[in-house]
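Residues per chain are reported as follows:
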Amino acid sequence: MKNSFVIVPKDKGEVIKVPFEGDPIKLKIGDWGTNFTFNFEDVSGSADKDYVVLSDNNLSVYNQKDSTKYFAYKFVDDVSNRPLFFKVTNNNDLVAVGTDNRMIYIFNEDGLVRNGFPVEGMSKFYFGPIDFGNNSSYLISSKRDHKIYVYKF
């Protein structure tokens, strides 16, 4: 429990790291407003989890050790859904964001939009295995034409 802590995000780009043993540490890691989502996931491929913030249609990923920004992405469309995170084959998570204009973006660990994306699709989608006997993952979504589309990873 000595190295355990709780992360408390605040507005104006602040994070409070509250260790189970010791005093809280207030950090200024970015610049976001009061309307934001915050996640603590490993998207960079390092052994540590990262701060993932979506605010005002901007996705930003920060290193939790030194607060440096790994990457940022500005969406053209509005985004009202929080990012989703998926494991593929390595230990890091892919970041997926569905926009209000029915576009699905998937980001690699370097912050670039994955090849072949964005794709049109409803912002509520599934990512994971279809057949638990193989190691493939799939993105399954519907479009405005009411058909189901499946993308293999």
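The present account deals with the structure reproduced in this document. (Residues numbered from 1 in each chain as written. Predicted model: local features only at pLDDT ≥ 70, side-chain atom pairs only at ≥ 80, totals over all residues. Heavy atoms only, no water.)

Two elements, strand β13 (residues 138-142) and strand β14 (residues 148-152), share five bridges in a ladder whose sense is antiparallel. Looking at the pairing, Ser142 lines up with Ile148 of β14. Between β13 and β14, which pair antiparallel and follow one another directly, the connecting turn spans five residues, one of which, His146, has a positive phi of 65°. (Pairing = 2+ DSSP bridges. Helix = DSSP H or I, 4+ residues; strand = E, 2+ residues; numbered from the N terminus.)

Below, the discussion takes up the sheet that holds strand β5 (residues 50-55). One open sheet holds the four strands; their spatial order is β4-β5-β6-β7, and the pairing between them is antiparallel. Across the chains shown, the open sheet's two edge strands, defined by having one partner strand only, are β4 (36-41) and β7 (69-74). Across the sheet, the mean angle separating the axes of adjacent strands is 15° when strand polarity is ignored. Pairing analysis gives five bridges linking strand β6 (residues 58-63) to β7, with the strands arranged antiparallel. Considered in β7, the bridge of Val61 is made with Phe71. (Axes fitted to C-alpha atoms, helices over the stretch in contact; angles between N-to-C directions.)

Take the sheet that holds strand β12 (residues 126-128) next. Taken together, three strands build an open sheet; the order of strands is β12-β13-β14 and the sheet is antiparallel. Sheet topology places β12 and β14 at the edges, where each strand pairs with a single neighbour. Within this sheet the neighbouring strands show an average axis-to-axis angle of 15°, counted without direction.

Moving on: the nonpolar core. By size, the foremost hydrophobic cluster in this structure holds 13 residues, and its most contacted members are Val43, Val52, Leu59, Phe75, Val95, Val97 and Phe107. Mapped by element, the contributors of at least two residues to this core are β5, β6, β9 (93-98) and β10 (103-107). Apart from residues lying up to four places away in sequence, Phe107 is in contact with Leu59, Phe71, Tyr73, Phe75, Leu94, Val95, Val97, Leu112, Val113 and Arg114. Among the nonpolar cores identified, the runner-up in size contains 10 residues, and Leu94, Ile104, Ile106 and Phe117 belong to it. (Core = buried A, V, L, I, M, F, W, Y, C linked by side-chain atoms within 4.5 Å. Buried < 20%, exposed > 50% of the residue type's maximum accessible area, 1.4 Å probe, protein only. Contact = heavy atoms within 4.5 Å.)

Quick look at the packing of aromatic side chains now. Per the stated rule, a full pass over the model turns up 15 aromatic pairs. Summarising the aromatic geometry, the rings of Trp32 and Phe36 are spaced 5.7 Å apart at their centres and angled 50° between planes, so their arrangement reads as tilted. Note on Phe86 and Phe127: the rings are 4.5 Å apart at their centroids and 35° apart in plane angle, and the pair reads as tilted. In this pair, Phe86 sits in strand β8 (residues 84-87) while Phe127 sits in strand β12, placing the two residues 41 residues apart along the sequence. (Phe/Tyr/Trp six-rings, centres within 6.5 Å; stacked < 30°, edge-to-face > 60°.)

Along β6, five of the six residues are buried, which leaves the element largely enclosed by surrounding structure. Relative to β6, β5 runs antiparallel, the two sharing six bridges. Within β6, the residue paired with Ser55 across the bridge is Asn58. The turn joining β6 and β7, which pair antiparallel and follow one another in sequence, is formed by five residues; a positive phi near 65° is taken by Ser67.

Right, let's talk about the environment of Tyr151 for a bit. Within the secondary structure layout, Tyr151 lies in strand β14. Take Tyr151: its relative accessible area is 22%, and that puts it in the partly exposed class. Between the C-alpha atom of Tyr151 and that of Ser141, which follows or precedes it by 10 residues, the distance is 8.7 Å. Among residues more than four places away in sequence, those in contact with Tyr151 are Val119, Glu120, Ser137, Tyr138, Leu139 and Lys143.

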